[in-house]
Amino acid sequence: MSLPRQLSVFALVGVIATALHYAVLVGLVELAAWTPVPGALAGYLSGGIVSYILNRRHTFESVRPHEETTWRFALVAFVGFCLTYGFMRLFVESMGAPYLPAQIVTTGIVFFWSFLGNRLWTFRAGPA
């Protein structure tokens, strides 16, 4: 798959995973009275599960065994999780930004990290 097409499919999968992420975030903040940072992290985990399944099959068409890709994906996602934590704390708690715009900016940052990490390491074809 060409890089532009792969990036487009990754973005589409990201929209689906992000929709779940935001639904969990807003639901926990507005309905369950969670604070935004833990809500963002719970949403990130929910979206991450959907992202793994769809990206492995559709974006990267990986033939690597799940035993290899699962932990690699989890490590890339963990870095993204840490980035989400750091940027949400910075934007919401340190800078006083509203949580949804802060999450939008954070999502954009983490999107590029996740694409590169997964393309170049998680789902890259292994040695023959």
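This text goes with the structure placed above it.
As the structure is a prediction and not an experimental result, all values here were calculated from the model.

Cut-offs applied
- Residues numbered from 1 in each chain as written.
- Predicted model: local features only at pLDDT ≥ 70, side-chain atom pairs only at ≥ 80, totals over all residues.
- Heavy atoms only, no water.
- 1 Å grid on protein atoms, 1.4 Å probe; cavity = no way out; pocket = protein on both sides within 12 Å on 5 of 7 lines; lining within 4 Å.
- Points joined across faces, edges and corners; volume = space filled by probe spheres on them.
- Helix = DSSP H or I, 4+ residues; strand = E, 2+ residues; numbered from the N terminus.
- Nonpolar A, V, L, I, M, F, W, Y, C, P; charged D, E, K, R; others polar.
- Buried < 20%, exposed > 50% of the residue type's maximum accessible area, 1.4 Å probe, protein only.
- Contact = heavy atoms within 4.5 Å.
- Axes fitted to C-alpha atoms, helices over the stretch in contact; angles between N-to-C directions.
- Parallel < 35°, antiparallel > 145°, perpendicular 65-115°, else oblique.
- Left-handed = near helix turned anticlockwise from the far one by under 90°.

Hey, could you go over the layout of surface pockets for me, with residue numbers and the actual values?
By volume, the largest pocket amounts to about 400 Å³. Elements represented by at least two residues in the lining of the largest pocket include exactly α1 (3-31), α2 (36-59), α3 (66-94) and α4 (99-122). In terms of residue class, the lining of the largest pocket is made up of 10 nonpolar, 13 polar and no charged. By volume, the second largest pocket is sized at about 150 Å³. Surrounding the second largest pocket, Tyr 44, Leu 45, Gly 48, Ile 49, Tyr 52, Thr 70, Phe 73, Ala 74, Ala 77, Phe 78 and Phe 81 form its lining. Only α2 and α3 provide two or more residues apiece to the lining of the second largest pocket. No other element matches α3, which puts 6 residues into the lining of the second largest pocket. A class-by-class count of the residues in the lining of the second largest pocket yields 9 nonpolar, 2 polar and no charged.

Just give me the short version of the environment of Ala 97, but keep the residues and values in it.
When you line up the elements, Ala 97 lands in the loop between α3 and α4. Overall, Ala 97 belongs to the partly exposed group, its relative accessible area being 26%. Residues contacting Ala 97, with those up to four places away along its chain left out, are Phe 91, Val 92 and Ala 102.

Tell me what's going on with the packing of α2 against α3, and back it up with residues and numbers.
Closest axis-to-axis distance for the α2/α3 pair is 10 Å, and the angle between their directions is 150°. One finds that α2 runs roughly antiparallel with respect to α3. The two elements α2 and α3 meet at a crossing, and its hand is right-handed. Contact residues: Val 37, Ala 40, Leu 41, Tyr 44, Leu 45, Gly 48, Ser 51, Tyr 52 and Arg 56 in α2; His 66, Thr 69, Thr 70, Phe 73, Ala 77, Gly 80, Phe 81, Thr 84, Tyr 85, Met 88, Arg 89 and Glu 93 in α3.

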